[in-house]
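Residue-level listing of the chains:
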Amino acid sequence: MVAFGKKLKERQIQEWQGFYLNYKLMKKRVKQYAQQMEVGTQDRRHVLKDFSRMLDNQIEKTVLFILEQQGQLASRLTNLREQHDALKETPEISQITELREAYRAVGLDLLKLLYFVEMNAIGLRKILKKFDKRFHYKFTDYYVKTRANHPYSQLQQVFKHVGLGAVVGAISRNLHELQDRQGSYLSIYDPPALPLQDPVVDSIKAAVDRLSHSTNFLNFLAQHALIMQEELPAPTDERIDDERYHFMSLLLNLANTFLYMVNTYIIVPTADDYSMSLGAAATVCGIVIGAMAVAQVFSSVYFSAWSNRSYFRPLVFSSIVLFVGNAMYALAYDMNSLTVLILGRLFCGLGSARAVNRRYISDCVPLKIRMQASAGFVSASALGMACGPALAGVLQTNFKIYKLTFNAVTLPGWVMAVAWLVYLVWLWISFKEPSHDIEEPPASSSETVENGALEEGKQPLLITSEEKQEDDEDPEGDGSEEAPEESRQPATSIVSAYRLLTPSVKVQLLIYFMLKYAMEILLSESSVITTYYFSWSTSTVSIFLACLGLTVLPVNIVVGSYISNMFEDRQILLASEIMVCIGILLSFHMIIPYTIPQYVCSGLIMFVSAEVLEGVNLSLLSRVMSSRLSRGTYNGGLLSTEAGTIARVIADATITLAGYLGESRLLNITLLPSFLICVASIVATCFTYNSLY
């Protein structure tokens, strides 16, 4: 593996090499500043002024070259426009073909220029991040605010590709007109717009999209999936992705995600009734619900490893195991066996293929739609979480077929068993196994960063101090560009993955653990609590849980589209942690009587705040996590999944253990650990991020 600076140099277009931002020079200058400030030969003000001047000069060099290239492209397009107009009078097939090829040639040169802009944008953001990290100073904020919005801003040319849009439009429109559309007078501006089939236009559009990514709802939602993107993509990457991509297979992966979340939460409203029907206490529902999470702790690892070799086989295995598990869950009623009930849920957990779903999106979906697919993954999970309890509320009937009982507690198992059987048939018919590369990817293309690599809508470089740890740090601190190969390899075990976690990453995982613990306590004990205090029916509990689940997407729309553009992520993080803590405090039974408004309002505050917290937390986690945890079996997605799953296991076990002290004490006893963990995460957040400034 090589460090970022060397890789950036290798990816440069050779004939344009003198016009790139000199990342290596700027990196050495940062190191010199640090040494000079240590010995007292430079003060901070002089360093800031000198580095700002250096950045301005570097950006000016690059921007003037971009403008020069834009002028050359515009000149070529003007000449082609004259030829195009002449062809309207005497159209000839051979000349039309030549003209289309000439437009494609301009498109390919434009694509080179877009990659040039993209690599300079990445390099500039990297060096700003390195400067902030070395000097513990918010220089990025200052530099962007003073340069980006200035009327003579050159920064806008790099990060908003001013002027390139006109070139893109000219190429797209003329290629569209030159397509063989007999009898058609439509243009790209006329509705309904006709699809552009030319691969050059598609590649240009994908490159522009990468340059235009902003902190919006789609990108914010996509980061929930912790699916990282290649930092320096090349045109060949997209062609390889297109060869592996299969829409129906992606749809099947999303369907698997949706069904699994439905399967997880469909039993929550009735688990306490099922436990009591088998002679156990109502609070045993914690064990019944948590059994699935216990098995998922182990299934996440072997499914992650299995996805290195195949996607189809683990999905088939998942469907079969889930079919068996749900059938056992339903049959436990007629067998009058709590053991079979719990074993059924364990089998369901052993079929958790979320690692495969996530890996498929990361490996097989083209870059140009990967963010949409990641957002789809999160949306499918959210919808499944809402549909599960809602479906349980509908399944309120009671009948027998032969010796099999179909009622409110068994129907969730039977319905999900049939659903997984239908899914298995669909999977077998429609899934296309992508090719698996045997050779390791080239070293120069393996570094990854967070979703939306060139983002921040209004101010593209406004990044927070919790950014992902630099992969281009000198291994020995000597300014050398190359890092040892073993220091860049993926983690080979959970232990080695844990050793790669920085303090900020550990805090993010603690926060994730906390919010999953609090949410699981709220959801899993909801049926027992509401029955004890309010005598709610199963249908009422189902409606309450479904309403909570339906808040996920609207909350993320608000946060991703508005709040995240108004405040720094670490500010939203701390505020949402405090709101979760307030929601927990309001949930305690301290006032007699315990009322429905108190329970519903406190639960809503806790759940919505936890959803906001999860989005921001995973967004930060995707940036602060080492690139070595973006690949392989023991990746960042697996670590976050394990943290959340273990939290759910402990929460469900807490519910069952607290049940031995009586249902009257259940609420307060289970909320107390949530409160303590929440306070600990707030303290850790304040301590960790304040120490960076």
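Because the structure is predicted, anything quoted here is derived from the model rather than measured.

K.L.:
Could you give an account of helix α15 (residues 338-350), with specific residues and numbers?
P.N.:
Across its 13 residues, α15 extends 19 Å between first and last C-alpha, which sits within 8% of the 18 Å expected from 1.5 Å per residue. The N-cap of α15, judged by a side-chain oxygen 3.4 Å from the amide nitrogen of T339 a few residues on, is S337.

K.L.:
I'd like to hear about the pattern of salt bridges, residue by residue, with values.
P.N.:
Scanning all chains against the criterion turns up seven salt bridges. Here E614 and K516 are joined by a salt bridge, their closest N and O atoms 3.4 Å apart. One end of the pair, E614, is in helix α25 (residues 596-624); the other, K516, is in helix α20 (residues 503-524), and 98 residues separate them in sequence. By the burial criterion, E614 is buried, and K516 matches it. If you follow the salt bridges from partner to partner, you end up with R29, D50 and R53 in one network.

K.L.:
Now, about the environment of S640: what can you tell me, with residues and values included?
P.N.:
Of note, S640 is situated in helix α26 (residues 636-659). For S640, a relative accessible area of 3% translates into the label buried. Taking the C-alpha atoms as reference points, S640 and Q508, separated by 132 residues in sequence, lie 9.2 Å from one another.

K.L.:
If you had to explain a nonpolar patch on the surface to someone new, which residues and values would you point to?
P.N.:
Among the surface-exposed residues, I320, F323, V324, L343, F347 and L421 lie close enough to one another that they form a single nonpolar patch of about 450 Å² accessible area. Elements with a minimum of two residues in the nonpolar patch: α14 (312-335) and α15. Here the element with the most residues in the nonpolar patch is α14; it accounts for three residues. If you trace the backbone, L343 turns up in helix α15. Classification of L343 as partly exposed rests on a relative accessible area of 37%.

The rules behind each value
- Residues numbered from 1 in each chain as written.
- Predicted model: local features only at pLDDT ≥ 70, side-chain atom pairs only at ≥ 80, totals over all residues.
- Heavy atoms only, no water.
- Helix = DSSP H or I, 4+ residues; strand = E, 2+ residues; numbered from the N terminus.
- Expected span 1.5 Å × (residues − 1).
- Polar contact = N/O pair within 3.5 Å; in protein donor to acceptor, adjacent residues only side chain to side chain.
- Salt bridge = Lys/Arg side-chain N within 4 Å of Asp/Glu carboxyl O.
- Buried < 20%, exposed > 50% of the residue type's maximum accessible area, 1.4 Å probe, protein only.
- Patch = residues over 30% accessible without salt bridge, like charges linked within 9 Å, V, L, I, M, F, W, Y side chains within 5 Å.
- Areas by Shrake-Rupley, 256 points an atom, 1.4 Å probe, with all protein chains shown as cover.

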